[in-house]
Amino acid sequence: MRPKKKSKIDATATASSNGSPTSGPAGETEVPVAHGRLTSGDPRPSHAHARRNIRGRRGGLKDMPGMPLDILIEIFSLMHPRDLLNLARTSKEFRAFLVSRSSAPFWKAARQQVEDLPECPPFLSEPQYANLLFFTYCHKCLKPNIQTIIWEFYVRYCQTCKNAMLVPDDYGCAEDYFYKSVQEVTGVKGPLFITAHIFASGRSRYGHLYLHKPDFETAKAQWNTKTTDQEKVRFAEDLANATRERETAINALKTWKVNQASTRATELEDIKRARYESIVKRLREEGWGEEIDKMTPHIVYDLIHHKAVRKAQKLTEGGWQSIKHDVLTHMESVRATRLDCEWVALIRTRLGFLCDILTEYEASLGRITTPSELQAGFADIAMMDPFRGLVEAPLSKDVTLQDFRELHDAIPEAMATWYHDREEEFLALVPEEIKAPDGTSPLKLAIVSFECRSCGRSDMRWPAVLAHNCERTCYYLGDRYRCAVARISMSRGVRGIRKLDKIFAFSKRRASLACGVIEACGRAPDVVTHEEMDRCRARLVCMSCSPITMRGYRMAQNWTKAIAHKYHRYECPGEPEWVLLNAQDTEKVLEHEAVHLPPVFDGPRCVYRCTRCRHRDYAIPAEHCLTAHGVTTPVVEEDYYIHPDAVQSTSFAIRVYPAIDKGGFDVDGADRDVSQGLAIYSSTISG
């Protein structure tokens with residue numbers, strides 16, 4: 001049977017056995033207690049003696065104040081002032097020993113451990129000085145982690161205590177009145193109190209001057225005890241001298257604190273740098289050396305600032321094992337990002353080859369014309385096989401410009417396929433009840449038009465709708481291949497990639513209005529096409545509208561203007577009542593339109609394009625054709641063309657005045673319009 005171990009006896013028990021009971025911090029006599037159990041004479045409950053298991057003997061330093069002075073100086077000279085103050089707070093004996101004036105050499109020796117620390121100001125004791133500099137507790141409520149020192153008052157305050165312990169130094173306040181009263185009575189000039197410029201809160205942009213309330217109230221109370229003028233003058237002089245003395249020490253302490261912060265920041269950066277270098281070394285041992293060598297500066301920055309790397313802590317083997325998974329996961333994402341960037345760069349190079357081949361193909365067809373805008377562009381071809389297959393060939397395959405030239409003969413077929421697919425797409429938008437005659441596509445019917453959900457335009461017809469700009473974009477986020485195509489389109493100045501959203505729909509309202517207009521022109525809505533209606537010479541006048549202003553005229557409109565008249569104007573009550581002008585009046589209107597109403601386009605877009613270089617302009621590019629190509633008189637469709645997505649204005653039309661009963665309108669104005677070729681008199685309408 002194992003012998004029973006003797007219980008360890010507390011140091012206080014040993015002292016008690018020698019007949020000298022010890023005194024606790026509060027002065028009461030302690031009863032010797034063995035570890036883990038109570039003596040029979042202990043009146044206190046067991047939980048009162050529960051103590052943390054501490055290595056070594058308790059009370060081992062209790063005799064330290066009795067050591068020889070030279071030994072104490074040698075010990076304390078190796079201690080930081082923070083440690084010395086913590087020691088003074090352990091017991092009453094140490095407090096009495098270290099706070100006494102005879103212990104000043106110990107504090108001075110401890111202060112030598114702190115580099116460039118200024119001497120203790122004469123108005124502070126050594127413990128007060130150490131507490132101010134090295135303990136981040138609020139000096140009033142002991143709240144921890146108060147990093148800011150109010151140097152003017154030599155205190156640390158939390159925000160709550162700051163509001164309670166500081167008073168604003170405002171003009172006309174009680175403090176200002178007291179200050180002036182002291183100066184008037186004593187004649188002492190200069191500041192009597194130190195003021196601090198303090199921000200009201202951490203988010204405030206403006207500060208304010210404050211006084212230290214305890215210092216002010218103490219001075220005010222002492223002032224009230226002075227009875228003679230001599231005492232008051234001496235008091236004021238002492239107060240001013242103390243203020244100057246405090247101000248003298250502030251700059252040195254502020255400079256030291258800034259230097260300490262800078263030194264500490266440098267030390268932490270050195271630790272972080274050594275940790276980063278150690279991690280990089282271990283990553284190379286793990287086989288990531290090639291990846292590290294390929295990292296760009298911003299990728300290196302991300303690794304340095306990774307939460308597992310950016311620690312001011314020396315890396316140990318155990319520490320590396322704890323962060324290894326996170327660091328390797330980050331490196332895997334770095335490698336994936338690098339490979340993706342290399343893939344995108346290579347894809348863009350190959351897309352550039354494809355764009356060059358398409359440019360050569362378009363140049364072989366001759367000059368650019370309006371139909372060129374209705375064909376598949378670079379972004380469309382890049383999304384089709386076999387072109388996309390060649391662009392996305394494995395990275396290990398060397399794809400050159402010659403490889404794309406071998407696909408030159410496949411371009412016409414790809415464009416035809418694209419056009420057919422788009423035609424089927426728009427045919428699916430046309431309602432089933434709309435039937436076209438045999439041999440005619442429903443898309444060509446005059447009542448079929450499309451609207452854009454993006455811009456609200458509703459007069460687009462086939463195939464001009466293929467050139468609508470809202471469907472295209474040069475910015476794309478998502479699929480990296482589509483993104484690469486969009487970027488190349490933007491850099492080369494060609495049409496962008498098609499959006500994935502379906503933005504086109506059949507325009508039902510316009511189809512309803514078109515039926516009435518076409519019937520008023522004497523045509524059949526379910527048979528006539530856009531081209532036939534554009535060639536139609538009929539001109540209509542709306543009799544439902546009130547005569548415009550007081551001049552009494554109406555507008556002679558072709559079929560597109562007649563549809564827009566009801567679609568965009570709200571002066572026409574109910575359904576429009578169309579009147580067809582007779583042949584004689586129609587001929588007059590057509591003659592005036594040819595002379596006085598050239599095509600005018602709405603919107604800010606450059607609708608005029610050069611057939612040789614795709615130059616864009618808001619007006620006929622006569623100057624460009626002359627300076628760039630030497631063409632003095634540019635001809636439409638030969639030297640320039642009009643973009644098929646251009647919106648022709650419907651705001652201008654020939655005016656029609658009633659020929660019978662000229663009363664009720666401005667006759668002089670009507671005669672002037674007719675003489676200028678802007679209006680006609682018609683017997684078809686009445687006033």
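Look up: the structure comes first, before these words.
Residues numbered from 1 in each chain as written. Predicted model: local features only at pLDDT ≥ 70, side-chain atom pairs only at ≥ 80, totals over all residues. Heavy atoms only, no water.

Caption draft 1: Summary view of the overall build of the protein. A count of helical and extended segments in the protein gives 24 helices and 17 strands. If you take every contact in the protein between residues at least 6 apart in sequence, the share linking residues at least 24 apart comes to 64%. Accessible area of the protein: about 39,900 Å², with a carbon and sulfur share of 52%. (Helix = DSSP H or I, 4+ residues; strand = E, 2+ residues; numbered from the N terminus. Contact = heavy atoms within 4.5 Å. Areas by Shrake-Rupley, 256 points an atom, 1.4 Å probe, with all protein chains shown as cover.)

Caption draft 2: Molecular detail of helix α22 (residues 583–596). Over its 14 residues, α22 runs 20 Å from end to end, which matches the ideal 20 Å to within 8%, given 1.5 Å per residue. If you check which residues of α22 are buried, you get D585, T586, V589, L590, H592 and E593. For α22, the arc enclosing every buried residue in end-on projection is 170 degrees, short of the 170-degree limit, so these residues lie on one face. Of the exposed residues in α22, those oriented more than 90 degrees away from the buried face are A583, Q584, E591, A594 and V595. The secondary structure elements touched by the buried residues of α22 are β9 (554–556), β16 (654–658) and β17 (679–682). (Expected span 1.5 Å × (residues − 1). Buried < 20%, exposed > 50% of the residue type's maximum accessible area, 1.4 Å probe, protein only. Arc of directions from axis to C-beta.)

Caption draft 3: Local environment of the packing of aromatic side chains. In total, this model carries 16 aromatic pairs according to the counting rule given. The rings of F178, F193, F216, W223 and F235 are connected pair by pair, giving a single aromatic cluster. Of note, R89 hangs over the ring of F135, and the distance from its end group to the ring centre comes to 4.6 Å. (Phe/Tyr/Trp six-rings, centres within 6.5 Å; stacked < 30°, edge-to-face > 60°. Lys NZ or Arg CZ within 6 Å of the ring centre and 35° of its normal.)

Caption draft 4: Representation of the sheet that holds β16 in the model. Reading across the sheet, the three strands line up as β9-β16-β17 and stay open at both edges, with mixed pairing between neighbours. Edge positions in the sheet fall to β9 and β17, since each has one partner strand and no second. Neighbour-to-neighbour, the strand axes of this sheet turn through a mean angle of 40 degrees, independent of strand direction. Here β16 runs beside β17; their pairing, made up of four bridges, is parallel. Residue pairing in the sheet places P658 in a bridge with S682 of β17. The sheet strands contacting α22 are β9, β16 and β17, and the helix crosses β17 at an angle near 175 degrees. (Pairing = 2+ DSSP bridges. Axes fitted to C-alpha atoms, helices over the stretch in contact; angles between N-to-C directions.)

Caption draft 5: Structural detail: the layout of surface pockets. The space that makes up the second largest pocket amounts to roughly 990 Å³. If you go around the second largest pocket, you meet 39 residues; those closest to its centre are E373, G493, V494, R495 and R614. At the level of secondary structure, the elements contributing two or more residues to the lining of the second largest pocket comprise α13 (317–364) and β5 (472–473). Here the lining of the second largest pocket takes five residues from α13, the largest share from any one element. (1 Å grid on protein atoms, 1.4 Å probe; cavity = no way out; pocket = protein on both sides within 12 Å on 5 of 7 lines; lining within 4 Å. Points joined across faces, edges and corners; volume = space filled by probe spheres on them.)

Caption draft 6: Just the nonpolar core, in detail. Grouped together as the largest cluster of nonpolar side chains are 69 residues, with contacts concentrated most on L351, F378 and I381. Ignoring sequence-local partners within four residues, the contact set of I381 consists of L354, L358, A376, F387, A414 and M415. Ranked by size, the runner-up nonpolar core spans 45 residues in total, among them A110, Y129, I149 and Y210. (Core = buried A, V, L, I, M, F, W, Y, C linked by side-chain atoms within 4.5 Å.)

Caption draft 7: Representation of the environment of S489. Along the chain, S489 falls in helix α18 (residues 480–492). The buried category is assigned to S489, whose relative accessible area is 0%. Along the chain, S489 and C355 lie 134 residues apart, while their C-alpha atoms are 8.7 Å from each other. Other than its neighbours up to four places away in sequence, S489 contacts F378, A379, C474, V494, R495, G496 and I497.

Caption draft 8: Seen up close, the packing of helix α3 (residues 81–88) against helix α5 (residues 104–111). It is the contact of α3 with α5, at a shortest axis distance of 8 Å, that shows an interaxial angle of 145 degrees. Taking contact as the criterion, the partners of P81, L84 and L85 in α3 are, on α5, F106, W107, A110 and R111. Considered class by class, the residues forming the contact of α3 with α5 number six nonpolar, no polar and one charged. (Nonpolar A, V, L, I, M, F, W, Y, C, P; charged D, E, K, R; others polar.)

Caption draft 9: The arrangement of unusual backbone geometry in detail. Residue P386 follows D385 across a cis peptide bond; omega there is 5 degrees. Along the chain, the position of P386 falls in the loop between α14 (378–382) and α15 (387–391). The omega torsion across W462 and P463 is 0 degrees, close enough to zero to call that bond cis. Positionally, P463 belongs in the loop between β4 (450–452) and β5. With phi around 65 degrees, L142 is a residue other than glycine that occupies positive phi space. Relative to the helices and strands, L142 is located in the loop between α6 (126–134) and α7 (159–165). For L142, a relative accessible area of 60% translates into the label exposed.

Caption draft 10: Spotlight on the sheet that holds strand β14 (residues 640–642). Taken in spatial order, the three strands make up an open sheet running β13-β12-β14, and their pairing is antiparallel. Each end of this open sheet is capped by a strand with a single partner; those strands are β13 (616–617) and β14. Inspection of the sheet shows strand β12 (residues 608–610) paired to β13 by two bridges, in the antiparallel sense. Across the sheet, the residue bridging to R609 is R616, located in β13.

Caption draft 11: Inspection of the pattern of salt bridges at higher detail. In total, this model carries 30 salt bridges according to the counting rule given. The partner of R338 in a salt bridge is E342, and the shortest N-O contact between them spans 2.8 Å. Separated by four residues within a single helix, R338 and E342 lie in helix α13, roughly one turn from each other. The exposure class assigned to E342 is partly exposed, which follows from its relative accessible area of 38%. Of the charged contacts, one joins R609 and E373 as a salt bridge, the two residues approaching to 4.0 Å between their closest N and O atoms. Placement of R609 in strand β12 and of E373 in the loop between α13 and α14 is noted, with a sequence separation of 236 residues between them. Each of the two residues, R609 as well as E373, counts as buried. Look at the salt bridges and you will find they share partners, linking R422, E425, E471 and R498 into a network. (Salt bridge = Lys/Arg side-chain N within 4 Å of Asp/Glu carboxyl O.)

Caption draft 12: Layout of the environment of E519. Summarising the element assignment, E519 is placed in helix α19 (residues 508–520). Residue classification places E519 among the exposed positions, given a relative accessible area of 52%. The spacing of E519 and W578 is 59 residues in sequence and 9.7 Å in space, taken between C-alpha atoms.

Caption draft 13: Representation of the packing of α13 against α18 in the model. Here α13 crosses α18 at 50 degrees, and the two axes come no closer than 9 Å. Viewed along their axes, α13 and α18 adopt a mutual orientation that is oblique. The handedness of the crossing between α13 and α18 comes out as right-handed. Residue-level contacts link D340, W343, I347, R348, L351, G352, C355 and D356 of α13 to R480, Y481, A484, V485, R487, I488 and R492 of α18. Classifying every residue of the contact of α13 with α18 by side-chain character gives eight nonpolar, one polar and six charged. (Parallel < 35°, antiparallel > 145°, perpendicular 65-115°, else oblique. Left-handed = near helix turned anticlockwise from the far one by under 90°.)

Caption draft 14: Structural detail: the environment of H624. For H624, the position within the fold is in helix α23 (residues 622–629). Overall, the relative accessible area of 14% leaves H624 in the buried class. For the pair H624 and P634, spaced ten residues apart in sequence, the C-alpha to C-alpha distance is 9.6 Å. Not counting residues up to four positions away in its chain, the partners in contact with H624 are C610, C613, H615 and H629.

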